[in-house]
Every structure is written in C-alpha cells, then in structure tokens.
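Chain and residue survey
One letter stands for each residue in the lines below.
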Amino acid sequence: MTTLLGIVTLAGAVVAMAFRNLVHCALALAVALAGLAGLYLQLGAQFVGFAQVLVYIGAVAIVIVFAILLTRGGQTPRQRVFSATWPLGAGVALAVFSVLSWIILSSRALPLGTPPEPAAATGRIGDQLMTKYLLPLEVLGLLLTAALIGAVIIAMRERTDE
Amino acid sequence: MRWTVEYLWLIPLLPLMAAGLSALTKRSGRAFAASLAIGAMGLALVLAGMAFAQAVLHPGRCSVNFPWMQMGDSWLKLGWVLDPLSAVLLLMVSFVGLLIFIYSLGYMAHDENFTRFFCFLSLFAAAMLGLAIANSLLLLFICWELVGLTSYLLIGFWFHKPSAAAAARKAFITTRIGDLAFLLGIVWLYARSGTLLFYDGGNGCLEQSGLAPLAARATGLGLAASTGIGLLIFCGAIGKSGQLPLHVWLPDAMEGPTPVSALIHAATMVAAGVFLVARVYPIMTPCLPVVAWVGAVTALFAASIAIAQTDIKRILAYSTVSQLGFMMLGLGVGGVAVGMFHLVTHAFFKSLLFLGAGSVIHGCRSEQDIRCLGGLRRFMPITFATYAVGMLALSGFPLLFSGFWSKDPILEAAHRWNASQGPFYLGLCAALLTAFYMTRQVFYVFYGRWRGHPARQDVNRPQDPHESPPIMTVPLMLLALLSILLGFIGTPAWPWFQAFLEGRPVGFDISGITQPQMLGLLALSSLIVLAGMALGYWLYGRKPLAGPGEPDALERFQPDLFGLLRNKYFVDEIYHWAFVSSTARWARLCDWLDEWVCRGMVELVGYAVVGLSWADRFFDEYVVNLGFDRLCRRLTEGGGLLSCLQDGRLQHYLRIMGVALASLILLLIWGCRLP
Amino acid sequence: MSSLHSYLITSALLFAIGLGGALTRRNAIIVLIGIELMLNAANLNFIAFWRFGPHPEALTGILFVLFSIGVAAAEAAVGLALIIAAHRHCKTTDVDELDSMKG
C-alpha cells in the first residue's frame, strides 16, 4: 500500500513537471498531493493527512488552476516549455538528489527499528496548539491575514483616474 | 686746580661736540661750523693750559679710572691720566690745532665743502686729545683708530679725484696692518697682566705689579712676553708713524688739503706713534734696540729719497718720515724725554713749513711742482721769511733754532749708546741730507727766476704770484716765533723740558754745554749742518734753474742714482708686485671659482632636480597613471563580466542556490567526518 | 533498509523532481508548482521522522507540518497574485522574459 502511494505521488510529480498543458500539470499536482495525503495516513498522522487534503488540494491546487486560467495558460503553449539550458537545471537537481540520498543511505544516526504507532489524537493536537504553540498559531493567523490582504492588493486591477 | 684732573675729559669732549653739531649743519652754514670748531678748540686750549699749569705746579701723576664693561667676573676699566707726558701733548696738540684751524679759514675759503672739513677736523682733534689723556691701552687704541679714520676722511676729502681716493685707501690699509699687530699686542698684554690700565694705584700694567709677570715668561720663539708685546705694539707705531716698511702711505697722503697735511701728517697724528712708544716705555724696554735701529734706518732712507723729489709737499712728507725716524731713534737710545722734545719742536716747525707750502700753493694758484716755481722771495716776503725760519729749524742750524737743541741730544745719546755706533753714523748722514734737501727746496722755490706756467695765472688779471691774506700769515709768524723760542727750554744748560718729563727739579748750569764731550758733539753737528747747507748752495744756489724743463743738478751728476731716489727706491712697485697684484689675482681666481664652480654646481643641482622631476613626471604619467588606468579598465571589464551573473533570470539564481546547497551539505558532512 | 530510509528516499526524490521542474520549466506557475512539491517533500520528511524518531508523543512533527502547510498556503496565494500582476504588466508568464531585475 505504501509503495503504491509512493509511486502515485512520484508519478504525479513527474507528470506535473513534464507535461505541456498547464491544466494537466495542475491536475497532476492534485494527484500527487492526494498521494501524499495517503502516505500521511499510512504514517499515522491522520490530522495532517486530512489537513493536507483540505488545504493543499482544496485550496492551493484550486488557486493554481485559477491562476492558470487568469493568465491565459489554458491553451497548450506552442513554443518550448523547457528553458534553453534545461540540462543544467536537471543536473543541479540530480546533484542535490545524489547528495541527499548519499547522506541518507550512509548515515549511521538514523534509527533502524519500527517503533509502535504513536497516538496522535486531534484533541491533543488542539491542546498543544492552544498551550505550547499558541504564539506560532497567532503569528500564522497574522501571516495569513497579511498574505490575504497583500495578494488582493497585488492582484487587484489598478485604478486609473479618468 | 685739582678739578682739572676730574674734568680732564672735557678737553676731548668739546671738539667732539663741535664735530657732532657740524655734522648736522647744512653746507651753507660755514660761519656756524667754523665758529663751532674754533670755539671748541679755543676752549680746549684754555683747559689744556690749565691742566699744564697743574702738572707743572704739582709734579706727579694723577689718574682717574672708571669701570666700563663687565666680562664675566672681571671689569674692563677705562680712565684718563694727567702726568707731564700727557700735559705736554695736550698743550701742543690744542695750540697747533687752533692755529691750523684759523689758517684753514683762509685756505679753504673757496672750497664748497667747508662745513664738512671743519666737522672732520674737530673730530680729529677730539680723537687726538683723547689719545693724549688715555690711561687705558684700550681707550688709547679706540682713539688711535678714530684718528686713523679721520685721517682717511681728510686725505680723501676731495674724493672725486681718483688719486685722492686711492691715497686715502692706501693710508688706511697700510696703517691697518700695523694696527693688527698692535691689537695682538694688546690682547697678549691683557692675557698676561690682566689689566689694560696704565696707572691704577700700583696695579696698572706699566707699574711694578703689572710688569713683573711679563718679564718672566718666555714664549716659543725664545722671547720674553714683554719683548713680544713690545714688538707688537711697536708695529702699530711703525704703521702710524710711517717707519720703514709701512712708510708708503705718508707721501701719498699729501693728496689731502695742506692744513690736513700740516695738522695730521706732520704735527700730531704721526706723532701718535712716537707718543705711544713713550707712553708704554716700561714695556718697551727690552725692544729698544729694535726701535733705535728702525728709526735710524728710516731717517736715512727717507732723507735720501727727499733729495730727489720735485713736489713741494712730498719733500716735506719724506722729511716728516725722516724726522719721525729721528724721534724713534731718540726714544730708543736716549729715553722718553729726548724723543718727546724733538716731537714737540718738530710739530711746530714742520707745521710751519707745511702751512708755508700751503701759502705758496695758494699764492701760485695750486702749483706744487718746485721746478715750476722760483723767485717767490720777492712776491711773498712773509711766507719766505717764515719758511726760512722753519727750514733752519728743521736743518738744525746751530744755537738759535729749536731743531738744533732737540736733534742734538738724540745724536749725543746715540753716540753714548753701548750696543752699537751704527745708529749714530746713520743719524749724522741723515742730518747732513736734511740740511741739503731743505736748502735745495728753498733755493728752488724762493730764489732764481719765476718759472711759473703761464696757464696757472689768471687770464683776467695776469699778475705774478701774490702773498696770502693775514689770516694765513699770522699763524705762520706765530709758529716761526715759537720754532725759535721753544729750543731754549731744552738746552743742556737748562734742560727744563727733560726734567719736567722725568719729574725732577732743574737749575741753570752752563757746564751742561761746556762739557768737552757735549761741546765736541755740538761742534760736530753744527759742522754737518753747515756742510749740508753749503753743498745745497753750491749745487742749487749759485746757478738756479732757468726753466721748468731743465734737469736737476744732481740728475746731471748722477742720473741713475737720482732716478732710483726719484722713484722712492721702487718700494711702491715692489709692494704692488709682491702683495697687491697677488691679492688681485687671488680675488680674480676666487671670482672665477664662484662664477664657474660654485654657480656651476648650483646649476648642476638645479638641472639634476629638473631632470629628477621630469623623470618623476614621466614615471607618474606613463607608469603609475597608465598602470592605474589599465587596472581600472580591467576592473570595469571584470565587473562587467561579473554583472552578467545578475541577468535577472530567476531560474539561474535558483540553480546556483541548488549547487550551493549541495556543496554546503557535503562540506558539513565531511567536516564532521574528519577526525 | 528500513521504512524510514524508504520514506526519506521518497521525499528526497520528490524534492529533486520539484527542484528540477522549478529550474527548467519556463512557465512561472509551473515553477510555483515545483516549489509546492518541494515543500511537500519536506513535510513528508518531518512526518516520517516523527513516526520513526524518538519522542513521537511530543507531536512536534505534526505541529510543524501544520504550520508548514499554513505558510505554504499563504505563500502560494501571494506568489500567484504576483504572477497575475506580472502577467497583467508584461503580458507573459515566461520566467525567461521576466528579467528586468538584471544588473
């Protein structure tokens, strides 16, 4: 099950990065995010998984689709979609992946066993949010407010005085 | 009359103030300047007379000293002294000076620088009187130098004449050489005895305690200190009194006006040298032989030159040199009194002769060559009479005239001298020649026919030479009278003068003359004088010259010898060749050095600096600037290259960040992994 | 190779894919999608470590991821607003043409 979810996620990511049609990319992104949500559920972080579905798929992916539509990206672009120097970028990504995987595989510090499943009750998450992580919560609220206002202002059509 | 000693300093001060005030007077204030000078001199004469009376009535020595300048712990003191020596000189200088001042009123009446003349004359009188009363060798030296300065100013009075200016310079430089030795002597004396005062209540340098340290020490040359000091001081006297090596300035000094020649170069300034030797006699005792020999040789030397001269004043100038030699001889062999007596009588008859010559020059419209004169006996009787008196006095005509009574003790002392009879014979020859040349001069000028140049006579009033006005002849007569009378105060029968100087009582004693030795000497000197005069008459009196172009009688007889004497033994030429031209060559060499070497070096340094600066500029422009400019250009290009990194392309930035991420991780891991 | 390793490899791979897309695609929105993928890869990493690491009862991993999701949402909103504004201004969403910041 985990393997399958992993493959779905990765495939969705690859498709999101490779396809020409932007809408297809956005949909593929949604698939990848859904796969990730499933992985979270596998790992026992149910709340995060559902939050992932709600926020990412339900909001972020939709906003991306809206942005695609607003920027006339609906049609398949005629010219090339990859930049002229795309091997360089691919090489960089490959380098980063190789370094990361080398670290992971050769690390001696990573725990090897499989501990028992922890209890991640939502109530406990709520408790933590309200006590220990109260300040980050409020800051996040402020951040979201600012982002909301900022996005509105940036994307707003400029008023021209007649 | 004790107050005369306290106020002795007034005597030089009065003419000094007259000189100062005359210096501020305009050229037109002639009467004012003249009256100032003569008034001051008259007052000084009165005071000098009173001082003389004081010295006669109260024999002895009174000195007044005062501290002048402090040098560390010791004080330099100055002062004045009234003793027979200074009293005699004071009276003589002020009297003769006054007469000559009065004479100058007439002589310089036509000169436009009348005021300046009297200013300088007063200054000279002040300096000479100060010299007479000085009790300190330093004060004497100061007055000595002042006298030399005024001599320079007065010789070069007509400075626009090149010969006068050159003569003044020559006088100053020649006396300077003597003065340098004099100054060395003073310094040495001060170093040895610690004082420059003559009489200081027992501590003066002429008194016992002062002289003792001088005699003891011997210097490197084997001389005692006193001998060395005495010789150096005598060098000063040689310069000032025109003795043999440094006599060359005195004949040339005749370029000055005749009153100047009379006052300065006959009676007083040149006598200062003799006075100096007399004053420091206790110090001079070891070198008296030198003094005597120098005097004797000078006397004969100058007399021999005088017989071949043709300028009326030059004959008298060489005669002065010769008589100064006699005075030095007298000081050397006979003592202070002998030399000083001849100095006093000489002052009177020599100034008489000079003033008479001045009268002749004035009457013959500035003619000075004796070959162009003649027969003036008829035209200028008073001048002739007084001149004859002076000539007889100078020759030493027996019995009547002062020259006889003053020259004789000198010859007598020379005869008695133990060291050698040389000076005695030299003196005898000089006396013979003195009589000879004076006779020659009188016959040339006053006898025979008038050989005067026609152009010398006034075209409007073509008349013969005329007698001088009374203002000039009265002093002549006075001086003539004294030339006769003064002799009688110093005869061997009644040696009042000598006794006065030596401070002892005296009485009339005919045996002084009738002593066989003295009588023999008197007869010998009379014979010499008469022989000289006879020779002169035989050569010049019997057949006087017909015209100015005719050769001299002696010249016909011995032309080569005459030529040598005429040219003063070529001493001037020798000096010029030995010293003057070499100095001029040295000066030219130094000038060349300065022009080429020093200036060349300076210019070389200048060029070097200019070259350095050019090289520096070259370096700055082509190396520094260029290098810097190139560097900046490269930097700009490099910057341009580097700015290509900032191409505004987001993905490029991100790629670089990705690479950086990977590298950092690797670095960290390897850093941690290293032992 | 334990499950942790596999999860970590997966998240690394996802990260690399997202990075590669962000570095090579010309459209700005795709770049943003790539960035979202990278963020999600990091989230996966956190959850994996929470699950298999020490002290899972502290819920640190979960809470971190929650905040990460919140921030990512804000960032996506602002970013997309920027892209829309840029599109309005320059008539393009091609990152290669949005280079007026070049120096």
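Residues numbered from 1 in each chain as written. Chains lettered and ligands numbered in written order. Predicted model: local features only at pLDDT ≥ 70, side-chain atom pairs only at ≥ 80, totals over all residues. Heavy atoms only, no water.

1. Considerations on the overall build of chain A
Looking only at helices and strands, chain A has six helices and zero strands in total. Residue burial in chain A is summarised as follows: out of 162 residues, 35% are buried. When the accessible surface of chain A is split by element, carbon and sulfur atoms take 71% of a total near 9,600 Å². (Helix = DSSP H or I, 4+ residues; strand = E, 2+ residues; numbered from the N terminus. Buried < 20%, exposed > 50% of the residue type's maximum accessible area, 1.4 Å probe, protein only. Areas by Shrake-Rupley, 256 points an atom, 1.4 Å probe, with all protein chains shown as cover.)

2. What to know about the environment of Ala127 of chain B
Residue and element names in this part refer to chain B. Mapped onto the elements of the fold, Ala127 is located in helix 5 (residues 114-133). Along the sequence, Ala127 and Leu146 sit 19 residues apart, while their C-alpha atoms lie 6.0 Å from each other. Sequence-distant contacts of Ala127, that is, excluding residues within four places in its chain, are made with Cys143, Leu146 and Val147. (Contact = heavy atoms within 4.5 Å.)

3. Some words on the side chain of Gln128 of chain A
Tracing the backbone shows Gln128 of chain A in helix 5 (residues 122-131). Here Gln128 of chain A falls in the buried class, since its relative accessible area comes to 18%. Setting aside its immediate chain neighbours within four residues, Gln128 of chain A contacts Tyr133 of chain A together with Ala58, Leu59 and Leu63 of chain C.

4. Describing helix 2 (residues 10-23) of chain B
All names here are of chain B. Helix length check: helix 2, at 14 residues, gives a terminal C-alpha distance of 20 Å against a target of 20 Å (1.5 Å per residue), a fit within 8%. Among the residues making up helix 2, those that are buried are Ile11, Pro12, Leu14, Pro15, Ala18, Ala19 and Ser22. Burial along helix 2 is one-sided: seen end-on, the buried residues are contained in an arc of 160°. Where helix 2 is buried, its residues meet helix 3 (30-57), helix 4 (84-107) and helix 5. (Expected span 1.5 Å × (residues − 1). Arc of directions from axis to C-beta.)

5. Here we look at a nonpolar patch on the surface
Residue and element names in this part refer to chain B. Where nonpolar side chains cluster on the molecular surface, the patch consists of Trp586, Leu589, Trp592, Leu593, Trp596, Val597 and Met601 and spans about 760 Å² of accessible area. Mapped onto the fold, Leu593 is located in helix 27 (residues 571-643). The class for Leu593 is partly exposed, based on a relative accessible area of 36%. (Patch = residues over 30% accessible without salt bridge, like charges linked within 9 Å, V, L, I, M, F, W, Y side chains within 5 Å. Salt bridge = Lys/Arg side-chain N within 4 Å of Asp/Glu carboxyl O.)

6. Considerations on the interface of chain C and chain B
Residue-level contacts link 13 residues of chain C with nine residues of chain B. A buried area of about 980 Å², summed over both sides, lies between chain C and chain B, and 55% of it is on carbon and sulfur atoms. In this structure, Asp96 of chain C engages Arg649 of chain B in a salt bridge whose closest nitrogen and oxygen atoms are separated by 3.0 Å. Joining chain C to chain B, the criterion identifies four residue pairs in polar contact (both at pLDDT 80 or more). Considering each element in turn, the side of chain C that touches chain B owes the most residues, three residues, to helix 1 (residues 3-24) of chain C. Its residues assigned to classes, the side of chain C that touches chain B shows six nonpolar, two polar and five charged. (Buried area = accessible area lost by both parts, 1.4 Å probe. Polar contact = N/O pair within 3.5 Å; in protein donor to acceptor, adjacent residues only side chain to side chain. Nonpolar A, V, L, I, M, F, W, Y, C, P; charged D, E, K, R; others polar.)

7. Points about the interface of chain A and chain C
Contact residues are listed per partner, giving 79 residues for chain A and 71 residues for chain C. Summed over both partners, the interface of chain A with chain C comes to about 6,500 Å²; 79% of that surface belongs to carbon and sulfur atoms. On inspection of chain A and its partner chain C, the count reaches zero salt bridges. Our count for the contact surface shared by chain A and chain C stands at eight residue pairs in polar contact (both at pLDDT 80 or more). Where the side of chain A that touches chain C is concerned, the elements lending two or more residues are helix 1 (2-18), helix 2 (22-43), helix 3 (46-70), helix 4 (86-106), helix 5 and helix 6 (134-155) of chain A. When residues of the side of chain A that touches chain C are assigned to their parent elements, the largest contribution, 12 residues, is made by helix 3 of chain A. Residue composition of the side of chain A that touches chain C, grouped by class: 61 nonpolar, 12 polar and six charged.

8. Here's the deal with the packing of aromatic side chains
Scanning the model with the defined rule gives 33 aromatic pairs over all chains in all. Judged by centre distance (5.7 Å) and plane angle (50°), the ring pair of Phe443 of chain B and Tyr537 of chain B falls under tilted. Taken together, the residues Phe443 of chain B in helix 20 (residues 422-446) and Tyr537 of chain B in helix 24 (residues 516-541) connect sequence positions 94 residues apart. Its relative accessible area of 14% is what places Phe443 of chain B among the buried residues. Of the residues examined, Tyr537 of chain B reaches a relative accessible area of 43% and is grouped as partly exposed. In textbook terms, an aromatic cluster arises when at least three aromatic residues are bridged by ring pairs, as seen for Phe101, Phe114, Phe117, Phe118, Phe157 and Trp158 of chain B. The side chain of Arg25 of chain C reaches across the aromatic face of Phe82 of chain A, ending 5.4 Å from its centre. (Phe/Tyr/Trp six-rings, centres within 6.5 Å; stacked < 30°, edge-to-face > 60°. Lys NZ or Arg CZ within 6 Å of the ring centre and 35° of its normal.)

9. Regarding the nonpolar core
Grouped together as the largest cluster of nonpolar side chains are 188 residues, with contacts concentrated most on Leu137, Phe182, Phe234, Ile312, Val360, Leu376 and Tyr387 of chain B. No other element matches helix 16 (residues 336-363) of chain B, which puts 15 residues into this core. For Phe182 of chain B, the residues in contact, after removing those within four places along its chain, are Leu137, Leu140, Phe141, Trp144, Leu232, Ile233, Gly236 and Leu276 of chain B. Judged by nonpolar contacts, the second largest core, of 74 residues, contains Ala16, Leu36 and Leu43 of chain A together with Met38 of chain C. (Core = buried A, V, L, I, M, F, W, Y, C linked by side-chain atoms within 4.5 Å.)

10. Description of the pairing of strand 2 (residues 74-82) of chain B
Residue and element names in this part refer to chain B. Where strand 1 (residues 62-71) lies against strand 2, nine bridges are found, and the strand directions are antiparallel. Residue pairing across strands places Cys62 opposite Leu82, the latter belonging to strand 2. With antiparallel pairing between neighbouring strands as the criterion, strand 1 and strand 2 make up a hairpin whose turn holds two residues, including Gly72 at a positive phi of roughly 70°. (Pairing = 2+ DSSP bridges.)

11. Topic: unusual backbone geometry
Non-glycine residue Phe570 of chain B carries a positive phi angle of around 55°. One can find Phe570 of chain B in the loop between helix 26 (559-566) and helix 27. Given the relative accessible area of 36%, Phe570 of chain B is considered partly exposed. Positive phi is not limited to glycine here, since Lys91 of chain C has a value of about 65°. Along the polypeptide, Lys91 of chain C turns up in the segment after helix 3 (60-90).

12. Considerations on the confidence of the model for chain A
For chain A, the mean per-residue pLDDT works out to 88, and 97% of the residues sit at or above 70. Mean pLDDT values for the elements of chain A range from 89 in helix 5 of chain A up to 94 in helix 2 of chain A. (pLDDT = per-residue confidence, 0-100.)

13. What about the environment of Met1 of chain A?
Residue and element names in this part refer to chain A. Residue placement: Met1 occurs in the segment before helix 1. The class for Met1 is exposed, based on a relative accessible area of 63%. Along the primary structure Met1 and Gln42 are separated by 41 residues, whereas in three dimensions their C-alpha atoms are 8.4 Å apart.

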